[in-house]
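Topology and contacts: notes
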Amino acid sequence: MPQNDWQRRIARAEELGAQYSFAAEILRFYVAIARFQGNFYEELGRSFERSRAEAGRVESEPFVRPLHPELTGRFGRFLSVVEENGPDPLREAARELRDGGADSHFQMLTVFWNESETGPLPPGPRDFFARAFLQPYAAGIRSWSNMRWSGPTPYRCPFCRRKPGMGVLRPLGDGGQRSLVCSFCLAEWEFRRIVCPGCGEENHAKLPVYTAEELKHVRVEGCDSCRSYIKTVDLTKSGLAEPIVDEMASIPLDLWAQKQGYTKLQCNLMQL
Ligand SMILES: [Zn+2]
Ligand SMILES: [Zn+2]
């Protein structure tokens, strides 16, 4: 029986990979990444508990604190996972990073960590390596520190300040309540259904929705004002979906949206 979030994602990725040939390769790679992330998350959780026991308190505002150099201790192992399982360009990038040494890894991770102040890294290998490696840490410090949000509905993650990577519709009464999911720390926050998360457009006529035959429970939500789109996983139609995985698997929707001239608000972990 799958237990934690990462194990559920792995099981879902294996299931969808067997079902949809167009997503098989990406999901196979994601399974390897998610295994690393799940183990890393548990290791980090144990050391967080130890330091909480020693300090007798929890750090507030963990996302504004500088990244700790100790974290890079596990980065070499992550590079091996990519070297063994990744697509060719990422394997090559992993080898180059390995040659660069620990100081350059820490520098790259720090640039990504601080990017809510300095602006985002462009999509590509460096964004992939930093995002995938630090994601369990970001998800962990958010939940272990019991961070809560009670302010107005934000367009960016209220915790780590990154853009949302996708939406989720959860059953509510006769319909669905939309939430956005952070592209980095995976936090979820409620967001009105008929509003573009890119620019705030509220005109229904400018917010087209598109679904495809292959995965009927995933939809493209476009915006004709800023020409951005996100994908939303509709859990009222498929209670078995694991939003991050189903978003990743629905590649035909990205191809369709990009052909229509929309740009994704934020690339997912696989840089799609
Ligand atoms: Zn976040
Ligand atoms: Zn917009």
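Keep in mind that this is a model prediction, so the values were computed, not measured. (Residues numbered from 1 in each chain as written. Chains lettered and ligands numbered in written order. Predicted model: local features only at pLDDT ≥ 70, side-chain atom pairs only at ≥ 80, totals over all residues. Heavy atoms only, no water.)

As for the overall build of the protein chain
Check the secondary structure of the protein chain and you find nine helices and seven strands. Here the C-alpha radius of gyration of the protein chain, 19 Å, is about what a compact globule of 272 residues would show, namely 19 Å. Along the longest, intermediate and shortest principal axes, the C-alpha atoms of the protein chain span 50 × 45 × 40 Å. Sorting the 272 residues of the protein chain into buried and exposed places 50% on the buried side. Taking all contacts inside the protein chain whose residues are at least 6 apart in sequence as the whole, residues at least 24 apart take part in 62%. (Helix = DSSP H or I, 4+ residues; strand = E, 2+ residues; numbered from the N terminus. Rg over C-alpha atoms; globule rule 2.2 N^0.38 Å. Buried < 20%, exposed > 50% of the residue type's maximum accessible area, 1.4 Å probe, protein only. Contact = heavy atoms within 4.5 Å.)

Brief notes about the nonpolar core
The biggest cluster of nonpolar side chains holds 81 residues, and the ones touching the most others in it are Phe-78 and Phe-129. Counting residues per element, this core draws most heavily on helix α2 (residues 21-55), at 13 residues. (Core = buried A, V, L, I, M, F, W, Y, C linked by side-chain atoms within 4.5 Å.)

Considering the pairing of strand β6 (residues 228-234)
Among the seven residues of β6, seven are classified as buried, and the element is accordingly described as predominantly covered. Burial of the side chains of β6 extends over both faces: Ser-228, Ile-230, Thr-232 and Asp-234 are buried on one face and Tyr-229, Lys-231 and Val-233 on the other. Examined bridge by bridge, strand β1 (residues 164-172) and β6 share three bridges and lie parallel to one another. Among the inter-strand pairings, Leu-169 is bridged to a residue of β6, identified as Asp-234. Of the pairings in the sheet, the one linking strand β5 (residues 218-222) to β6 comprises five bridges and is antiparallel in character. Note that in β6 the partner of Val-218 across the bridge is Val-233. Linking β5 to β6, which pair antiparallel, is a turn of five residues; within it Arg-227 sits at a positive phi near 60°. Examined bridge by bridge, β6 and strand β7 (residues 263-264) share two bridges and lie parallel to one another. Along β7, the bridge assignment pairs Ser-228 with Thr-263. (Pairing = 2+ DSSP bridges.)

Some points on the coordination of the zinc ion (ligand 1)
Binding of the zinc ion (ligand 1) to the protein goes through Cys-157 (SG), Cys-160 (SG), Cys-182 (SG) and Cys-185 (SG), at separations of 2.3 Å. Each of the four donor atoms around the zinc ion (ligand 1) contributes to a set of angles spanning 94 to 119°, which defines the coordination as tetrahedral. Here the donor residues for the zinc ion (ligand 1) map to a single chain with the spacing C-x2-C-x21-C-x2-C. Given the relative accessible area of 2%, Cys-182 is considered buried. (Donors = N, O, S within 2.8 Å, 3.2 Å for Na, K, Ca; no water. Tetrahedral: all angles 85-135°; square planar, octahedral: opposite > 155°, others 65-115°.)

A word on unusual backbone geometry
Among all residues except glycine, the phi angle is most often negative; among peptide bonds, the trans geometry is most common. For Leu-186, which is not a glycine, the phi torsion comes out positive at approximately 65°. In this fold, Leu-186 is placed in the loop between β2 (175-182) and β3 (188-190). At Gln-271, a position not held by glycine, the phi torsion is positive, near 65°.

Topic: the coordination of the zinc ion (ligand 2)
Ligation of the zinc ion (ligand 2) by protein atoms is provided by Cys-196 (SG), Cys-199 (SG), Cys-223 (SG) and Cys-226 (SG), these donors lying 2.3 Å from the ion. For the zinc ion (ligand 2), the four donor atoms are set out with angles of 106 to 113° between them, so the coordination reads as tetrahedral. On the primary sequence, the residues serving as donors to the zinc ion (ligand 2) are separated as C-x2-C-x23-C-x2-C. Assessed through its relative accessible area of 1%, Cys-223 is described here as buried.

Comments concerning the packing of helix α4 (residues 88-100) against helix α5 (residues 102-113)
The contact between α4 and α5 brings their axes to 6 Å, and the two run at 115°. Here α4 contributes Leu-97, Arg-98 and Gly-100 to the contact with α5, which in turn contributes Ala-102, Ser-104, His-105 and Met-108. Looking at the contact of α4 with α5 residue by residue, the classes come out as three nonpolar, three polar and one charged. (Axes fitted to C-alpha atoms, helices over the stretch in contact; angles between N-to-C directions. Nonpolar A, V, L, I, M, F, W, Y, C, P; charged D, E, K, R; others polar.)

Topic: a negative patch on the surface
Together, Asp-88, Glu-92, Glu-96 and Asp-99 give the surface a local cluster of negative charge. Look at Glu-92 and you get partly exposed, because its relative accessible area is 46%. (Patch = residues over 30% accessible without salt bridge, like charges linked within 9 Å, V, L, I, M, F, W, Y side chains within 5 Å. Areas by Shrake-Rupley, 256 points an atom, 1.4 Å probe, with all protein chains shown as cover. Salt bridge = Lys/Arg side-chain N within 4 Å of Asp/Glu carboxyl O. Lys, Arg positive; Asp, Glu negative; His and termini not counted. Charge placed at Lys NZ, Arg CZ, Asp CG, Glu CD.)

A look at the pattern of salt bridges
All told, the structure shown has 22 salt bridges when counted by the stated rule. Between Lys-264 and Asp-254 there is a salt bridge; the shortest N-O distance is 3.2 Å. Taken as a pair, Lys-264 in strand β7 and Asp-254 in helix α9 (residues 251-259) lie far apart in primary sequence, 10 residues in all. An identical accessibility class is assigned to Lys-264 and Asp-254; each is buried. Three or more residues are tied together by salt bridges with common partners; here these are Asp-5, Arg-8, Arg-9 and Glu-242.

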